[in-house]
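An overview of the molecular structure
Each chain, written out:
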Amino acid sequence: MAHPTLDHLDRLARGLVAATRGTLSWSWDAGMSAALATFTSDQAPAVRAAIEPTLSVAYDAAGVRGAPAGVSDLLGALGGLRHGQLLLCSEPAAAGQVYGAWWPWGNGKTISLRVGLSAPGIAGVDRAALNECLRTAMGL
C-alpha cells in the first residue's frame, strides 16, 4: 500500500472479509463508494457478531449527538440516520476508520450493510486511494 493509513485500513477491511466469509457476499456500490452486502433479518445476529470485532463502536439516531466530529461529518455524507439504522465504526484512530452503514429495509426482512473507509485530513490519502484500498481488500 505504501502508506501507513492505507495499510491499517487494509488490515481492518481484510479482517471483515475473513469474518464474514460464508455469511455475506460483497459487491461494489459505486454511488456510495462502499462495499455492499444484503442479508435477511434472520441473519442479523450472526452478521453483527462477525463484524463486531472490527466495527465495535455503534451509533444510532438517538446516540449520535455525542459522536466525535469525524463521525458527525461521516453521517452528514451518508445522509444521517433514521430510526433502526446504525453507523458502526472501528475504534477511532489517527490512521483512519472503517465504517459500516447498517440499514434495515422497510419490508422488515432485509438489511443492507455498506462498508467504507474514512481518513479525513490525512495527507496522501484521497478518496481514490481509499476506494482502491477497500476494493482490493474486499476482493472487489
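Everything below is about the structure printed above this text.
Scope of this entry: the structure provided in the associated data block. What you are looking at is a predicted structure, and each value in this text was computed from that prediction instead of being measured. (Residues numbered from 1 in each chain as written. Predicted model: local features only at pLDDT ≥ 70, side-chain atom pairs only at ≥ 80, totals over all residues. Heavy atoms only, no water.)

Another point: the nonpolar core. What tends to happen in soluble globular proteins is that the nonpolar side chains get buried as a cluster. Trp26, Phe39, Ile51, Trp102, Leu113 and Val115 are the most contacted members of the largest nonpolar core, which has 31 residues in total. If you list the elements that add at least two residues to this core, you get α1 (4-20), β2 (34-40), α2 (44-51), β4 (86-89), β5 (97-104), β6 (110-118) and α4 (127-138). Those residues in contact with Trp102, other than ones at most four positions away along the chain, are Phe39, Ala44, Val47, Arg48, Ile51, Gly84, Gln85, Leu86, Leu88, Ile111, Ser112 and Leu113. (Core = buried A, V, L, I, M, F, W, Y, C linked by side-chain atoms within 4.5 Å. Buried < 20%, exposed > 50% of the residue type's maximum accessible area, 1.4 Å probe, protein only. Helix = DSSP H or I, 4+ residues; strand = E, 2+ residues; numbered from the N terminus. Contact = heavy atoms within 4.5 Å.)

This part covers the pattern of salt bridges. For the structure on display, the rule yields two salt bridges. Where Asp10 meets Arg14, a salt bridge forms, and the shortest distance between an N and an O atom there is 3.0 Å. With Asp10 and Arg14 both in helix α1 and four residues apart, this pair spans about one turn of that helix. For Asp29, the salt bridge goes to Arg114, with nearest N and O atoms at 2.6 Å. Taken together, the positions of Asp29 in strand β1 (residues 27-29) and Arg114 in strand β6 put the pair 85 residues apart, joining distant regions of the chain. Comparing Asp29 with Arg114 shows no difference in burial state: the two are buried. (Salt bridge = Lys/Arg side-chain N within 4 Å of Asp/Glu carboxyl O.)

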